Amino acid sequence: MHTSHDDLSFKGMGKEHEQKIIEAIEAGRNITHEPTVQATESNIDKIKKLAELKESGILTEQEFEDKKAQLLTEI
């Protein structure tokens, strides 16, 4: 493989395979990952509801902490 600025070339494979790889890389360059505010707010709301369940005695401290940790990893 050889790269120069935005140019890519691959040695040792056919032009067809080379073109497919280049197209896949180019497609990946255009993907943007933006945080999903809605999902974050939703998980925060879920944690608040879980806290209420814990305070009312429906959930144990351990159940609350386990679920909270899981939801926080998704934020």
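Cut-off values and rules
Residues numbered from 1 in each chain as written. Predicted model: local features only at pLDDT ≥ 70, side-chain atom pairs only at ≥ 80, totals over all residues. Heavy atoms only, no water. Helix = DSSP H or I, 4+ residues; strand = E, 2+ residues; numbered from the N terminus. Buried < 20%, exposed > 50% of the residue type's maximum accessible area, 1.4 Å probe, protein only. Contact = heavy atoms within 4.5 Å. Patch = residues over 30% accessible without salt bridge, like charges linked within 9 Å, V, L, I, M, F, W, Y side chains within 5 Å. Areas by Shrake-Rupley, 256 points an atom, 1.4 Å probe, with all protein chains shown as cover. Salt bridge = Lys/Arg side-chain N within 4 Å of Asp/Glu carboxyl O. pLDDT = per-residue confidence, 0-100.

1. Focus on the overall build of the protein
A count of helices and strands for the protein gives three helices and two strands. For the protein, the succession of helices and strands along the chain, N to C, is β-β-α-α-α. The 75 residues of the protein split such that 12% are buried. Sequence-distant contacts, at least 24 apart, represent 22% of the contacts inside the protein between residues at least 6 apart.

2. What to know about the side chain of Asn43
Topologically, Asn43 is positioned in helix H2 (residues 37-55). You can call Asn43 buried: its relative accessible area is 6%. With near-sequence residues (within four places) excluded, Asn43 lies in contact with Leu71, Glu74 and Ile75.

3. Description of a nonpolar patch on the surface
A cluster of nonpolar side chains, namely Met13, Ile21 and Ile25, defines an oily patch on the protein surface of about 200 Å² accessible area. Counting through the fold element by element, Met13 comes out in the loop between strand S2 (7-9) and helix H1 (15-29).

4. Topic: the confidence of the model for the protein
Confidence in the prediction of the protein, expressed as mean pLDDT, is 81, and 75% of residues score 70 or more. The lowest-confidence element of the protein is strand S1 (residues 2-4), averaging 56 in pLDDT; the highest-confidence one is helix H3 (residues 61-73), averaging 94.

5. So, the pattern of salt bridges
This model, assessed by the stated rule, comprises four salt bridges. Two residues, Lys20 and Glu16, come together in a salt bridge whose shortest N-O distance is 3.5 Å. Taken together, the positions of Lys20 and Glu16, both in helix H1 and four residues apart, correspond to about one turn of that helix. Taking relative accessible area as the criterion, Glu16 reaches 55% and is therefore assigned exposed. A salt bridge links Glu65 to Lys68, with the nearest nitrogen and oxygen atoms 3.5 Å apart. In this pair, Glu65 and Lys68 are both assigned in helix H3, three residues apart and thus about one turn of the helix distant. Judged by its relative accessible area of 30%, Glu65 falls in the partly exposed class. For Lys68, a relative accessible area of 24% corresponds to the partly exposed category.

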